[in-house]
Amino acid sequence: MNRSLLVAALVAAGASAGVCQSASAPKPLVSHIFTADPSAHVFNGKIYIYPSHDIEANVAEDDEGGHFNMRDYHILSMDKIGGKVTDHGVALDLKDIPWAGRQLWAPDAAYKNGTYYLYFPVKDKQDVFRIGVATSKSPTGPFKAEPQPMAGTYSIDPAVFTDTDGTSYMYLGGIWGGQLQRWHTGKYEANGSKTDLKKDNEPALSAKVARLSKNMLTLDEPLKDVQILDQNGKPLLGGDHDRRFFEGGWMHKYKNKYYFSYSTGDTHFLAYATGDTPYGPFTYQGVIMKPVTGWTTHHSIVEFNGKWYIFYHDVELSGKTHLRNVKVRELPRRADGSIETITP
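Residues numbered from 1 in each chain as written. Predicted model: local features only at pLDDT ≥ 70, side-chain atom pairs only at ≥ 80, totals over all residues. Heavy atoms only, no water.

1. Things to note about the pairing of strand 18 (residues 282-289)
With 6 of 8 residues buried, strand 18 is to be regarded as a mostly interior element. Relative to strand 18, strand 17 (residues 270-275) is paired through 5 bridges, and the arrangement is antiparallel. Paired with Thr-274 across the two strands is Thr-283, which belongs to strand 18. Between strand 17 and strand 18, which pair antiparallel and follow one another directly, the connecting turn spans 6 residues, one of which, Gly-280, has a positive phi of 85 degrees. (Buried < 20%, exposed > 50% of the residue type's maximum accessible area, 1.4 Å probe, protein only. Helix = DSSP H or I, 4+ residues; strand = E, 2+ residues; numbered from the N terminus. Pairing = 2+ DSSP bridges.)

Right, dumping it as structure tokens:
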């Protein structure tokens, strides 16, 4: 049976929602649905994963990601790495977001003050990406969306980091289909570039960061640039596609250093840079993971029971770039805190 027929058979049969994992040869966490862009968190001693839910929407592939036409979110959980994975069903549906138009892309989650927050990018009814937020008393939902997008937000890939002092920050942004390049003047340019600024010898577009308000529903300040510098302290340039930011930002902290990691998009690396504050600036350090199968690459990094893990996706199940599956493996870290490059 070929791969496409196998996937169809699994879906039709209602395949098991959980697959046991091997640390040496990571396999998809679930095979009954397609999942991508996994944001992993530890809540109450358990791992919860907030992924995109890929579907076959029969939309032609294009550089703006029209074929990624997702419509809801499923939340996954696991008690241990390598254990059974549970799919908790639909946590938020496109039709239940009052202002949304289409394309529920990569989400993230946070917990504070007895409430769980689900942050998500979706195009509004004018086809402009905004960041929304929904709340629940359970980490698995269902989540209720706020009636409007978060003021001052735009683009895609929200990632929320809560520092050891309890302050939370949101990182966001993605070029090309993520529309970040259309906001470079501070206002949305509907007919702006479909890729980047097209200025290879000037500083590359930056991800954005802002502190969240105490209620976690709004930004507490205007968005700022997440500046990524080379080892000489110079900003990475737009033409440096092997190192510059494209999308999929993530923040974690290790031994008082802040690690901003991200996808380089069209060169398909997961890269990272380190800094001394959540705002940066961040100095480029290297590649976390070489290209996976499929066009996109998107990850999260989390500590669990004293070990660090990276959650990511590829297209092992389908072979199609818009029908992905999430995986997990241990993150190899050297004694000095630097991350060893993974060849998936």
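2. Structural notes on the sheet that holds strand 10 (residues 159-162)
The strands that make up a sheet pair up through hydrogen bonds in the backbone, lying either parallel or antiparallel. Across the sheet, which stays open at both edges, the 4 strands sit in the order 10-11-12-13 with antiparallel pairing between neighbours. Whereas interior strands pair on both sides, the edge strands pair on one side only; in this sheet they are strand 10 and strand 13 (224-226). The sheet shows a mean angle of 35 degrees between the axes of neighbouring strands, direction not considered. Bridge analysis of strand 10 against strand 11 (residues 168-172) gives 4 bridges, and the strand direction is antiparallel. Residue Thr-162 lies in a different strand from strand 11, and its bridge partner there is Ser-168. (Axes fitted to C-alpha atoms, helices over the stretch in contact; angles between N-to-C directions.)

3. Brief notes about the sheet that holds strand 20 (residues 307-314)
Taken in spatial order, the 3 strands of this open sheet run 19-20-21, and their pairing is antiparallel. Both edges of this open sheet fall to strand 19 (300-304) and strand 21 (325-330), since each of them pairs with a single strand only. Averaged over neighbouring strand pairs, the angle between their axes works out to 30 degrees when direction is ignored. Relative to strand 21, strand 20 runs antiparallel, the two being bridged by 6 bridges. Bridge pairing links Asp-314 to Asn-325 in strand 21.

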